[in-house]
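# Observations on the model geometry
Residues per chain, in single letters:
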Amino acid sequence: MDIKIQQIEQSKIDSVDFDNLNFGRTFSDHMFVCDYVDGQWVNPEIKPYGPLLFEPSARVFHYGQAVFEGMKAYKDDNDDIFLFRPDENFNRINLSAERLAMPSVPENVFFEGLKKLLNIDKDWIKKGLGNSLYIRPFIIATEGAIAASPAEAYKFIIICSPAQSYYAGEVRVIFSQKYSRSADGGVGYAKAAGNYAAQFYPTSLAHKEGYQQIIWTDANTHEYLEEAGTMNIFFRVGDKLITTPTNDRILDGVTRKSIIQLAKDNNIEVEVRKVSVSEIKEAARLGELKEIFGSGTAAVINPIKGFKHKDTTFELPNIENSYASLFKEKLLNIQYNKSEDQYNWRVKI
Ligand SMILES: *Cc1c(COP(=O)(O)O)cnc(C)c1O
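Per an unreviewed UniProt entry, the protein chain goes by Branched-chain-amino-acid aminotransferase and derives from Tenacibaculum aiptasiae. According to UniProt, the comment filed for the protein chain under the heading Sequence similarities (unreviewed entry) is "Belongs to the class-IV pyridoxal-phosphate-dependent aminotransferase family."

Right, dumping it as structure tokens:
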């Protein structure tokens, strides 16, 4: 693939305070852009990160044909650069695209574009555990036409944002009783832009009550716990790890499936099955609920301190040797090339 490259004249890297990054607000010097026109992906290009020009009638603005991915590049002490299970993100963006009647991105466009971009912007990937370059590939419908039907023209774009280890503070959650994130037959399994917009309002109501996030329950009964806004969710009851199976309402997270594998290989009993609100409340009451944590690329693992359901609130105990810290350490060690990787999850660029 012939990628046209237009390098920035003056890097802005010296103006960035890498010790005080706000997640997702600073972007590296370049971006990758490729157009889909007349049934073909054409004009792959790396150019300075900056505004793009669209028709106001571009379909993405009206019908939300937009899907994205979230991945990270890591640097080890020898300045080698790694991705973590990138094939999973490649497959998933195309699964998401298919659900929104968008064209799939070919493997060479995705990977050659990504690798070239990372090579050009490699100074933006900082060494040190927790530092990374967050990568945001996305596809949007750019055709200017406001009939409610799939567009004929799209852009596939990759932008990158330097990130530090992410600590969200103490997180307490509400188990949703009214609002839903996704429904049977819907788009919950896709990383579709609209899934996130739909969560902002209920989440803002939770914020007003002093809770940082919502754990979404099944839309039909609100009796089963499914996932957090951008994270899958795990419960530790006694020494058993429990998480819900993925289905068409739930995002099949790369971090989630990695944790399940690590648990199995570390002799931790894992149950992948429906998790009811009532059993978690009961386990909490009996003192058997030891941990709840979310999993996702951005935060890796995010421990949850407490939850609310109806009029019940519950605080989780502080525990030593938590599963959350065990899995986080194991994942970071693989991602940063600090441990052996028996799974071949780490991919050197
Ligand atoms: C991205 C995402 C996750 C986590 O997926 P990872 O591949 O682990 O980053 C979980 N749930 C939702 C809704 C997401 O959008």
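Right, picking up where we left off after that structure.
This next bit is on the pattern of salt bridges. Within this structure, the stated rule accounts for 21 salt bridges. The residue aspartate 35 makes a salt bridge to lysine 155 at a minimum N-O spacing of 2.6 Å. Of this pair, aspartate 35 sits in strand 2 (residues 30–37) while lysine 155 sits in strand 8 (residues 154–163), placing them 120 residues apart in sequence. The class for lysine 155 is buried, based on a relative accessible area of 17%. Measuring nitrogen to oxygen at the nearest pair gives 2.7 Å for the salt bridge that ties glutamate 209 to lysine 308. Linking glutamate 209 in the loop between helix 4 (193–208) and strand 10 (213–217) with lysine 308 in strand 16 (residues 300–309), this pair joins segments that are 99 residues apart in sequence.

The tally for this structure, following the rule as stated, stands at 22 aromatic pairs. Judged by centre distance (5.3 Å) and plane angle (20°), the rings of phenylalanine 234 and phenylalanine 293 are stacked. Of the two residues, phenylalanine 234 is situated in strand 12 (residues 232–237) and phenylalanine 293 in strand 15 (residues 289–296); the sequence distance between them amounts to 59 residues. The two residues phenylalanine 234 and phenylalanine 293 agree in class, both being buried. Taken together, the ring pairs connect Phe32, Tyr36, Trp41, Phe90, Phe110, Phe111, Tyr154 and Phe156 into an aromatic cluster. One residue, arginine 236, lies across the ring of tyrosine 323, its end atom 3.8 Å from the ring centre. Sitting over the face of the ring of tyrosine 224, lysine 274 holds its NZ or CZ atom 4.3 Å from the ring centroid.

What follows covers the environment of isoleucine 349. As for its placement among the helices and strands, isoleucine 349 is situated in the segment after strand 18 (346–348). Classification of isoleucine 349 as partly exposed rests on a relative accessible area of 26%. Counting along the chain gives 197 residues from isoleucine 349 to glutamate 152, while the straight-line C-alpha distance between them is 33 Å. Among residues more than four places away in sequence, those in contact with isoleucine 349 are Ile81, Leu83, Lys115, Leu118 and Asn119.

A word on the domain arrangement of the protein chain. Taken domain by domain, the protein chain comprises domain 1 (4–164) and domain 2 (171–336). Averaged C-alpha coordinates put domain 1 and domain 2 at centres separated by 27 Å. Across the boundary between the two partners, domain 1 contributes 26 residues, which contact 22 residues of domain 2. Around 2,100 Å² of area is buried between domain 1 and domain 2 when both sides are counted, 63% of it from carbon and sulfur atoms.

Thresholds applied
- Residues numbered from 1 in each chain as written.
- Predicted model: local features only at pLDDT ≥ 70, side-chain atom pairs only at ≥ 80, totals over all residues.
- Heavy atoms only, no water.
- UniProt positions renumbered as here; feature names shortened; annotations may be inferred.
- Salt bridge = Lys/Arg side-chain N within 4 Å of Asp/Glu carboxyl O.
- Helix = DSSP H or I, 4+ residues; strand = E, 2+ residues; numbered from the N terminus.
- Buried < 20%, exposed > 50% of the residue type's maximum accessible area, 1.4 Å probe, protein only.
- Phe/Tyr/Trp six-rings, centres within 6.5 Å; stacked < 30°, edge-to-face > 60°.
- Lys NZ or Arg CZ within 6 Å of the ring centre and 35° of its normal.
- Contact = heavy atoms within 4.5 Å.
- Domains from an automatic or database assignment.
- Buried area = accessible area lost by both parts, 1.4 Å probe.

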